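Here is what each chain is made of, one letter per residue.
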Amino acid sequence: MTTTLTHAETAAAAPQPTAAVEPSVRVEAERTTPVRALVRRVTAVAGSAVWKSAAILAFLLLWELGPTYLASPSTRVFLPPLHEVLAAWGKLFDAGTIQGHIAASLTRSVAGFGAALVAGVALGLLIAWYGKLNAVLNPLLELFRNTAALALLPVFTLLLGIGEESKISIVAYAAFFPVLLNTIAGVKTVDPLLIRAARSLGLNNFRLFQKVILPSAVPTIFTGIRMAGTASILVLIAAEMVGAKAGLGYLIVNAQSSFLIPDMYAGILTVSLLGLAVNFLLVALERHFSRWRTAVGSAA
């Protein structure tokens, strides 16, 4: 028996054509996907930044609200809220005062830190490489290393006066030993197998230092450099409090003696931000000079 299909049944049984996607809709979808990915990436980075700075934000909030709502009126005189400190900093900036003090402190700090960096790395490499030199100089270096830099500040002032020489010298002294000791440690902790492999390839002492020892010791050396950078700023601030006519240390102690408490905290805040900026700069330099470690780790 022959089955006869009606026109409606034939149309229902036939395969339905796929709806064509308009070109404009396809282009819009392609544009939306990268935009959404970018928004997610920016959101993730912003969330991570907020989370990492949560403690700092909480501290600043406590600084702003604590003196007003938690401290007594007498305490508030000596601990002004954050907005008053920022307002004082803005006035110092508009008058050009804070810039001059920052420039004076940075000039002294960079000069002393540079001298300590050159002397510490050079002497550290020599001491670490030549065992007899280490045996001769180690007792003397240990003696001076355990003598606080600020304890010798009166000696530097008496010998060199209250001018720039004494301040640069005390900064160089404070920054010298972290660089020296970490340079010695960095060279001594180089993998002996790397040195033997370089020797077997016929590298002379200069090429061995250039290609093997220095790259391997860079992370440890930069640890000392970062410690020296912090020490150079802290010691300089103390030295400027004793005898100086410019600098952040002078600004802090002069504001304290003049009872300009917001200006004093503005100077302290500037020292903190300056130390933070120096640390970020040294970390960036360390990453730059340690690129080979990142490349080796990525390849592995």
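Here is what the cut-offs are and how they apply
Residues numbered from 1 in each chain as written. Predicted model: local features only at pLDDT ≥ 70, side-chain atom pairs only at ≥ 80, totals over all residues. Heavy atoms only, no water. Phe/Tyr/Trp six-rings, centres within 6.5 Å; stacked < 30°, edge-to-face > 60°. Helix = DSSP H or I, 4+ residues; strand = E, 2+ residues; numbered from the N terminus. Core = buried A, V, L, I, M, F, W, Y, C linked by side-chain atoms within 4.5 Å. Buried < 20%, exposed > 50% of the residue type's maximum accessible area, 1.4 Å probe, protein only. Contact = heavy atoms within 4.5 Å. Salt bridge = Lys/Arg side-chain N within 4 Å of Asp/Glu carboxyl O. pLDDT = per-residue confidence, 0-100. Axes fitted to C-alpha atoms, helices over the stretch in contact; angles between N-to-C directions. Parallel < 35°, antiparallel > 145°, perpendicular 65-115°, else oblique. Nonpolar A, V, L, I, M, F, W, Y, C, P; charged D, E, K, R; others polar. Polar contact = N/O pair within 3.5 Å; in protein donor to acceptor, adjacent residues only side chain to side chain.

Following the criterion strictly, the structure yields seven aromatic pairs and no others. Following the ring pairs from residue to residue traces out a cluster consisting of Phe156, Tyr173, Phe176 and Phe177.

Glancing now at unusual backbone geometry. One can expect most non-glycine residues to show negative phi and most peptide bonds to be in trans. One non-glycine residue with positive phi stands out, namely Phe259, at about 60 degrees. Here Phe259 shows up in the loop between helix H12 (248-257) and helix H13 (261-289).

In terms of nonpolar packing, the biggest core is built from 37 residues, with Ile170, Leu180 and Ile225 touching the most fellow members. If you list the elements that add at least two residues to this core, you get helix H6 (97-129), helix H8 (153-160), helix H9 (164-188) and helix H11 (205-242). Broken down by element, the residue count for this core peaks at 13 residues, all from H11. Excluding residues within four positions of it along the chain, Leu180 makes contact with Gly120, Leu123, Gly124, Ile127 and Leu141. Core analysis: the second largest hydrophobic core is formed by 18 residues, Leu82, Ile237, Leu269 and Leu274 among them.

Under the counting rule described, the total for this entry stands at four salt bridges. Glu84 is the salt-bridge partner of Arg76, the closest N and O atoms lying 3.2 Å from each other. With a relative accessible area of 31%, Arg76 lands in the partly exposed category. What makes Glu84 partly exposed here is its relative accessible area of 28%. The salt bridge partner of Arg108 is Glu164, with a shortest N-O separation of 2.7 Å. Separated by 56 residues along the polypeptide, Arg108 in helix H6 and Glu164 in helix H9 bring together distant segments of the chain. Owing to a relative accessible area of 5%, Arg108 belongs among the buried residues under this scheme. The class for Glu164 is partly exposed, based on a relative accessible area of 37%.

Time to look at the environment of Met264. For Met264, the location among the structural elements is in helix H13. A C-alpha to C-alpha distance of 9.7 Å links Met264 and Gly249, two positions 15 residues apart in sequence. Not counting residues up to four positions away in its chain, the partners in contact with Met264 are Ile252, Ala255 and Gln256.

Moving on: the side chain of Ser109. Within the fold, Ser109 resides in helix H6. Those residues in contact with Ser109 that lie beyond four places of it in its chain are Val171, Ser232, Ile233 and Leu236.

Next up on the list: the confidence of the model for the chain. Fine structural detail should not be taken from predicted coordinates in areas where pLDDT scores are low. Residue-level pLDDT values for the chain average 80, and 85% of them are 70 or greater. In this model, residues 1-5 is a region of pLDDT below 50 whose contacts with residues beyond four sequence positions or in other chains number one contact. Within the model, the stretch residues 10-14 combines pLDDT values under 50 with two contacts to residues more than four positions away or in other chains.

The subject of this paragraph is the packing of helix H3 (residues 54-69) against helix H5 (residues 82-94). Running from N to C, H3 and H5 point in directions that differ by 95 degrees, and their axes come no closer than 7 Å. For the element pair H3 / H5, the angle class is roughly perpendicular. Counted together, Leu60, Trp63 and Glu64 of H3 and Leu82, His83 and Val85 of H5 form the full contact between these two elements. Partitioned by chemical class, the residues of the contact of H3 with H5 number four nonpolar, one polar and one charged.

Assignment of secondary structure puts Ser232 in helix H11. Among the residues examined, Ser232 registers a relative accessible area of 2% and is labelled buried. C-alpha of Ser232 to C-alpha of Ile168: the two residues are 64 residues apart in sequence and 9.2 Å apart in space. Discounting chain neighbours no more than four positions away, the residues touching Ser232 are Ser109, Phe113, Val171 and Ala175. Separated by 2.7 Å, the side chain of Ser232 and the backbone oxygen of Gly229 make a polar contact.

To continue, consider the environment of Phe78. Checked against the element boundaries, Phe78 lands in helix H4 (residues 73-78). The sequence separation of Phe78 and Phe259 amounts to 181 residues, and the corresponding C-alpha distance is 9.1 Å. Residues within four places of Phe78 in sequence aside, it is in contact with Phe259, Ile261 and Tyr265.

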